[in-house]
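Observations on chain architecture
The chain contents come next:
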Amino acid sequence: MAAAMTSTAERAVLEEEFKWLLQEEVHAVLRQLQDILKEASHRFALPTSGSGAAVRQENFVLSTSGTDQVKGVLTLQGDALCQADVNLKMPRNNQLLHFAFREDKQWKLQQIQDARNHVNQAIYLLMNRDVNYQFKTGSEVLKLMDAVMLQLSRARNRLTTPATLTLPEIASSGLTKMFTPVLPPDILVNFYINLNKLCLTVYQLHVLQPSTTKNFKPAGGSILHNPGAMFEFGSQRYEVSHVHKVECVVPWLNDALVFFTVSLQLCQQLKDKISVFSSYWNYRPY
Amino acid sequence: MEVLTMKTWVPAAALWGRRAPSHSITAILITDDQQTIVTGSQEGQICLWDLSPDLKVSSKEILFGHTASITCLAKAREFEKQPYVVSATENGEMCVWNVTSGQCIENTKLPYRHTAIHYYHCSFRMTGEGWLLCCGEYQDVLIIDAKTLDVLHTLSSSQSSDWINCMCVVHSARIQEDSLVAVSVTGVLKVWDLSSSLNSIQERQSVCEKESKSLDCVSCQAVRFCTYTERLLLVVSSMCWQVYDYCDFSLLCTEFCKSGQCFAGGEVLAAYRLIIWTEDGHSYIYQLLNSGLSKSIYPADGKVLKETVYPHLLCFTSMKENKSFPFVMGFMNERKEPFYKVLFSGEASGRITLWHVPDVPVSTCDGSPKEIPITAVWTLQDNFDKHHSMSEGIIDHLCASEDGIEAAIVSSSVYISGLDKLVCGCENGKIFVTLGLKTVRARLLGNVSLLKDNLPYKVLNGHSSRVTCLLYPHDKSVRFDPSWLLSGGQDSVVICWDMFTGNILHQFNLQSGPVTELLRSPENYRVKDQSIVCCVCNDHSVAILHLQKRVCLLHARKHLSPVKKIKFDPVENLLIVGCEDNSVYVWEIETGTLERHETGETARAILAAIEDSEYLVADAPLPVSQESKRNKNSGYKHSSSYKHGMGPYNFIHAEKSSDKLTDTSCIQQPFTILPVKTKWNNANFHILLFDLQKLEELLLSSQLDGLKSSKSFHNQYTLERAKSTAEKRALTLKRNKTAGSIPPVDGQGDTVCSDQVFRGNNAPRPVEESGGMKRQKKKKSSRKIGMQTSGNIDVNIATEAAKLLLSCLLPWGVDKESDNLCVGHLDILRLQRRVSFGLVSNESHLSLTLPGWNCADCAALGEGEVFNLFSKRVLDLSNKYLAATEGETGRKEGPQNLYGTKDLETIFFLFSRIALINRIINIPSAVTDESESPQKSESAHDKWRNLEATTPSLPSFYGDLPSSKSRYHSPDLGIISLLKLVCRWSEESVKITEAMQAVLLAEVQRTINPLRKTTICRESLAIVENGNVSVLKHGKSSNWANFQDVEDTPDRCVLEESESPGERHLKTVTKYQVINLTQLFGSVKKAHCNAVSFLAAAMSN
């Protein structure tokens, strides 16, 4: 009897606590999340519509730790590379190549755009549940958290996982046509984001003669291809002879990544808190 | 070949609980005929709701198949021609469903997440079935073929390319050009020409937008073209709605939303009249000025028009209580009678609300807006409450008798098919162990109160709160002791039970929150220890339990986010845990120390490094059988055309998916009870799965046995009821032996060795799928072995299962007399109540009827007692079937068994008919898939050949058809007409379940009718005489195919005229059997040849 009494008392306490969690704590966490994500979203410098103010341009100097084969300055404006200035010292003859973006061209960094859109989606999901909204069940909170976390992990994955491209895909991308003077046919370039770094890879190619005894084996998709990788493009076979990778740290990408991680953790903690009470919320009528 | 073998249908019946599966609506649409509402849920299911002409809603069917949240729904064909709807999910799956029959027509998985889809078809300029124009979490617009679901092309942007939020097709007679208007996430409006770029799309030239204009709005929700004025463009963003002039995209008016509200969508109601709805379920109908402007452009009139400067609010709808975010709404605008203008909404709580919007909405007399009342509200739960007898849980009757208070809710369950044991863990911590088939019978069938009371069951008391998961490790791996049963609870305790005695062998106290999952260790991790189980707890810790030694080897507790993958490195004795946040923890099992913790690229590399070694996937929060998890993507056809995405989405697979049940791979047994859990909801329900093919094989083999020693068989049969399980197993063994001594069914040499393999007890599981006739042949035998090895072929179970299926299929009450005869003579018992019937198709798609389906139909029949009739159409179909197969009736004298002995032959016959229909129905679709020939005038002859081609592995099947002997190329009229009939049915999109029921009804009537006559005769005739006749006819009517083969041969007559006692008859019959079987094998070989030639032909085409 006593045991039953305590258990009902305990149950009542737990229910009370759960009510508090749903009515107070959840909203507190949601507000916190929203603040963090808005902060993250600002980092992506969404062109604020209406105000007409252009997005700030940032210059980044590319560098490598070892050799100075490739040097360059990139200008990033939101999710677009609006200027690129690359100097390439050819390893064979030490000839200096210089090429830059054409005035009329911009290169959209899809990774940044996608990450920004995912964050905004997450904010949108949170926006509707303001303080006046009453969560009635735990599963409702879990569903919301799952949806938000899905967007956030996608946002983070977009930045942490550059696309794996094949060499013909790089060769056929519009990027090669953006430069002035026109890129020599034996040079390929690729831009991508890896974590908080903006990376530029320059591939130097040499043409494989049809008579060559080398076994031709086209390389698959990869973030960074190694010298020796072969591919066929426009009925011509090529082999990568040199690879130069230069990168620069974009500080706000780092901020954004930290924000993503923190908010993902917040979401998970809220989910964990809710599921502590799972035996109480499961069988309530919705 | 794949297409040919892939299509198998598995009938299923659902045992719901009192609580409806949760269905948080994320997408909703009403079909063009206004008869069906289609909803997609966050849990990944699709619900079909019946919309009656007076706007009453009732749930009809639930469709399983997606493994993630549904993001959008759209029609996928001209609806009048084909009632197809396409659904897309969060993880890139797409399915085309026939909403009339509930079948999945096509499915694919692409690396794109769509948030909106529009069907576009231009009949005079396009070949094929049209396009699905898709937008979502990728740049610009994708064009997907509506039939094949392949990516055809993209509509790309030359500038400010971004994700598209919403779009609409502008079809204007005035402009004579179809265009796609879309608004991107950054508020850039883009227009692509559709009609004039048809050619370039077909030739895959890049198509760029014609127009691109930045609008002053972010997070745009909808864009609509006014077809009445052909001039106005409505753009709804969450903050405001705006009207633009389509000619020059100049802004005509803007209306902001009230604070605290967000607009979610809108539609043009009529010329200058709009309906706009909000995120929280309200809607507003506005009247615009005729120019569409918010202000008059004539300054002179400025003063006069002052009152109507803003769009005038005419009407509104509102949602008062029980708000649950978010609402998804839509508006159906039909100008034609008898259709309505309907505003509809679906909520996260699963509630559907309808408003009938008047044709001419007007404000109240004083000019204030008028509220339009709600016309209908409905939820799934309403259906469950209304038909609560139908939604009784699987062991509710047990719990009731146990506690006498309330039925405990089953929180987890497992069915051990080998032992026919159903183990149910309950909310209150009790675990019930019962006999699966008997429990189901007691739950479903009427007149078995005796059964119900005597149902043997055990209650295991050990957990103090909810039982969260159960595992019977011996099921899939023999290295575990067959008596071990593991249960995990909310109380963080894992108990190892002796299932047979009910004793607790050991109790592991983990103190880590509720146990969320119990998993077998992989097969290759047996270097050191055999009996290891993994246990995942709510605090994301992983415990490794050694069952033999009864110790917890390792409790890895450092994981910060949910565990997604568990792998073992058998060489270095490491446990590798992959978490949801993409980090990896490497634990040394021996010492229990954390070796490494990695994130990012390294983590991926570590997981990938042991990809080929067996691992446990714990990514699903709902414990489905391991099997189905491993194969979960196999159901989806992965498209190879990933070009457009440039592969940015290759992380899709790594993402968490709310995995959902059902592929046939988990149906290793002819009869299975599959527990199903939907995400975010602990209440689960059970699905009974009947594998027609396997049941048929089993029954066939039992028939062989039965004929050989008919008497003893009957003895066994009657004994069966009294037997305990253990004895039953002995019987099974015995029967297996006899099966070995009798010429094996498939007549192949290697079956002889099955006996030894059986003892070896670890024959490989038959490989499903994959083509090649030869392989199939092999498979056939290996499946045979597989079945025997499992040691589970219990013919009694098979027979009971077959009877249960027939019970579930029969429309009770249509013909009361035949009902009674069925119950009395065939032991096919009456259903207690209607049953939720369904079909598993394409391996992973399941459609289940919901409580409340076809109520209207049944009521219309006017007889309260008619129930379980799938649709009114069935009666009609049944008559058609009878007429079409008229020719057969002459030969096929109904079985006349006067003694009320359980007429197994009849049951088998009825059963095989259903299986046959099932197969025939599958063929035409397979054929059309294969050849893609538009001409439907395929001759029945061709179909017949295809039929042969698809099922060469089942000799019993040929047996079903009278023409199987040597008449392949001239199938007799009866069969052709049957084929024609069935093919016509599938063109008329008759559901398979309907067809099966119709055929069953017809056959039952046909078989029973003679019986009816003789029952009357019996009174006048001498019983002894009758007895003799019955034995004779008994043999004759056993309806195996091979019998029918010879039915018109003179030998048959001799047999019938012979006056030897029953025993001898039976022997003769058996002899016949053997001869016929050999003939049959000849024909099977022939079928193989036919199949091969057919395939060759198909390939060369």
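Remember, predicted model here, so these are calculated numbers, not experimental data.

Concerning the overall build of chain A
- Looking only at helices and strands, chain A features six helices and ten strands.
- Here chain A has a C-alpha radius of gyration of 26 Å; the compact-globule value for 286 residues is 19 Å, and the former is much larger.
- For the C-alpha atoms alone, the extent of chain A along its principal axes is close to 95 × 50 × 30 Å.
- Counting over 286 residues, chain A shows a buried share of 50%.
- A separation threshold of at least 6 residues defines the contact pool for chain A, and within that pool the share at least 24 residues apart is 68%.
- Only carbon and sulfur atoms are counted for the fraction: they give 54% of the accessible area of chain A, which is about 13200 Å².
- For chain A, the distance from the average site of its 28 positive side-chain charges to the average site of its 25 negative ones is 5 Å.

Side note on the pattern of salt bridges
Residues and elements named next belong to chain A.
- As enumerated under the stated definition, the model contains 28 salt bridges over all chains in all.
- Linking Glu39 and Arg43 is a salt bridge whose minimum nitrogen-to-oxygen distance equals 2.8 Å. One end of the pair, Glu39, and the other, Arg43, are both in helix α1 (residues 2–43), four residues apart, so they sit about a helical turn from each other.
- Judged by relative accessible area, which is 34%, Glu39 ranks as partly exposed.
- Accessibility expressed as a relative area gives 23% for Arg43, which makes it partly exposed.
- Ionic pairing is found between Arg43 and Asp255, a salt bridge with its closest N-O pair at 3.1 Å. Taken together, the positions of Arg43 in helix α1 and Asp255 in helix α5 (residues 251–276) put the pair 212 residues apart, joining distant regions of the chain.

Concerning the sheet that holds strand β36 (residues 467–471) of chain B
All names here are of chain B.
- What the four strands build is an open sheet, ordered β36-β37-β38-β39; its pairing is antiparallel. Two strands bound the open sheet, and with one partner strand each, they are β36 and β39 (504–509). Taken pair by pair, the neighbouring strands of this sheet meet at an average axis angle of 20°, ignoring direction.
- Where β36 meets strand β37 (residues 484–489), four bridges bridge the pair, whose relative direction is antiparallel. Looking at β37, one finds that Val467 is bridged to Gly489.

With respect to the domain arrangement of chain B
- Partitioning chain B into structural domains gives domain 1 (396–557), domain 2 (560–610) and domain 3 (691–701 + 795–832 + 870–886 + 904–916 + 976–1009).
- Distance between the C-alpha centres of domain 2 of chain B and domain 3 of chain B: 53 Å.

What about the UniProt feature "repeat: WD" (unreviewed entry) in chain B?
All names here are of chain B.
- Taking the UniProt record as the reference, the feature "repeat: WD" (unreviewed entry) is found at residues 18–59, 63–107, 460–507 and 556–597.
- A distance of 13 Å separates the end C-alpha atoms of residues 63–107, which is 0% helix and 53% strand.
- The distance separating the terminal C-alpha atoms of residues 460–507 is 13 Å; by composition the span is 0% helix and 48% strand.

With respect to the packing of helix α3 (residues 138–160) of chain A against α5 of chain A
Residue and element names in this part refer to chain A.
- Two numbers describe how α3 lies on α5: the axes approach to 9 Å, and their chain directions differ by 155°. The angle between α3 and α5 places the two elements in the roughly antiparallel class. Judged by the twist between their axes, the crossing of α3 over α5 is left-handed.

Structural notes on the sheet that holds strand β9 (residues 230–233) of chain A
All names here are of chain A.
- Spatial strand order, β7-β8-β10-β9: four strands in an open sheet with antiparallel pairing. Sheet topology places β7 (187–194) and β9 at the edges, where each strand pairs with a single neighbour. Sheet twist, expressed as the average angle between the axes of neighbouring strands with direction ignored, equals 40°.
- Alignment of β9 against strand β10 (residues 236–249), held across four bridges, turns out to be antiparallel. Paired with Met230 across the two strands is Glu239, which belongs to β10.

Description of the nonpolar core
All names here are of chain B.
- Ranked by size, the top nonpolar core spans 74 residues in total, and within it Leu444, Phe671, Leu688, Leu804 and Trp985 carry the most contacts.
- Take this core: its biggest share by element is eleven residues, from helix α19 (residues 904–931).
- Counting residues domain by domain, this core receives three or more from each of domain 1 (396–557) and domain 3 (691–701 + 795–832 + 870–886 + 904–916 + 976–1009).
- Excluding residues that lie within four positions of it along the chain, Trp985 makes contacts with Leu877, Lys880, Tyr881, Val990, Ala995, Ala998 and Val999.

Notes on the confidence of the model for chain B
All names here are of chain B.
- Averaged over all residues, the pLDDT of chain B is 70; the fraction at 70 or higher stands at 63%.
- When pLDDT is averaged over each helix and strand of chain B, the minimum, 32, is found for helix α12 (residues 754–760) and the maximum, 95, for strand β7 (residues 84–89).
- Contacts from residues 1–6, a stretch scored under 50 in pLDDT, to residues over four places away or in other chains number 20 contacts.
- Per-residue pLDDT stays below 50 along residues 889–902; that stretch engages in 47 contacts with residues further than four places along the chain or on separate chains.

Details of the environment of Phe191 of chain A
Residue and element names in this part refer to chain A.
- By secondary structure assignment, the location of Phe191 is in strand β7.
- Residue class for Phe191 comes out buried when judged on its relative accessible area of 5%.
- Sequence separation between Phe191 and Leu109 is 82 residues; the distance between their C-alpha atoms is 7.9 Å.
- Residues in contact with Phe191, not counting those within four places in the same chain, are Leu74, Leu81, Ala84, Phe101, Trp107, Leu109, Leu175, Phe179, Cys199 and Leu200.

Here we look at the side chain of Ser87 of chain B
Residue and element names in this part refer to chain B.
- Here Ser87 lies in strand β7.
- Only 2.6 Å separates the side chain of Ser87 from the side chain of His66, close enough to count as a polar contact.
- Non-local contacts of Ser87, meaning those with residues more than four positions away in its chain, are made with Ile46, His66, Ile70, Cys72, Leu73, Glu93, Met94, Cys95 and Trp97.

Analysis parameters
Residues numbered from 1 in each chain as written. Chains lettered and ligands numbered in written order. Predicted model: local features only at pLDDT ≥ 70, side-chain atom pairs only at ≥ 80, totals over all residues. Heavy atoms only, no water. Helix = DSSP H or I, 4+ residues; strand = E, 2+ residues; numbered from the N terminus. Rg over C-alpha atoms; globule rule 2.2 N^0.38 Å. Buried < 20%, exposed > 50% of the residue type's maximum accessible area, 1.4 Å probe, protein only. Contact = heavy atoms within 4.5 Å. Areas by Shrake-Rupley, 256 points an atom, 1.4 Å probe, with all protein chains shown as cover. Lys, Arg positive; Asp, Glu negative; His and termini not counted. Charge placed at Lys NZ, Arg CZ, Asp CG, Glu CD. Salt bridge = Lys/Arg side-chain N within 4 Å of Asp/Glu carboxyl O. Pairing = 2+ DSSP bridges. Axes fitted to C-alpha atoms, helices over the stretch in contact; angles between N-to-C directions. Domains from an automatic or database assignment. UniProt positions renumbered as here; feature names shortened; annotations may be inferred. Parallel < 35°, antiparallel > 145°, perpendicular 65-115°, else oblique. Left-handed = near helix turned anticlockwise from the far one by under 90°. Core = buried A, V, L, I, M, F, W, Y, C linked by side-chain atoms within 4.5 Å. pLDDT = per-residue confidence, 0-100. Polar contact = N/O pair within 3.5 Å; in protein donor to acceptor, adjacent residues only side chain to side chain.

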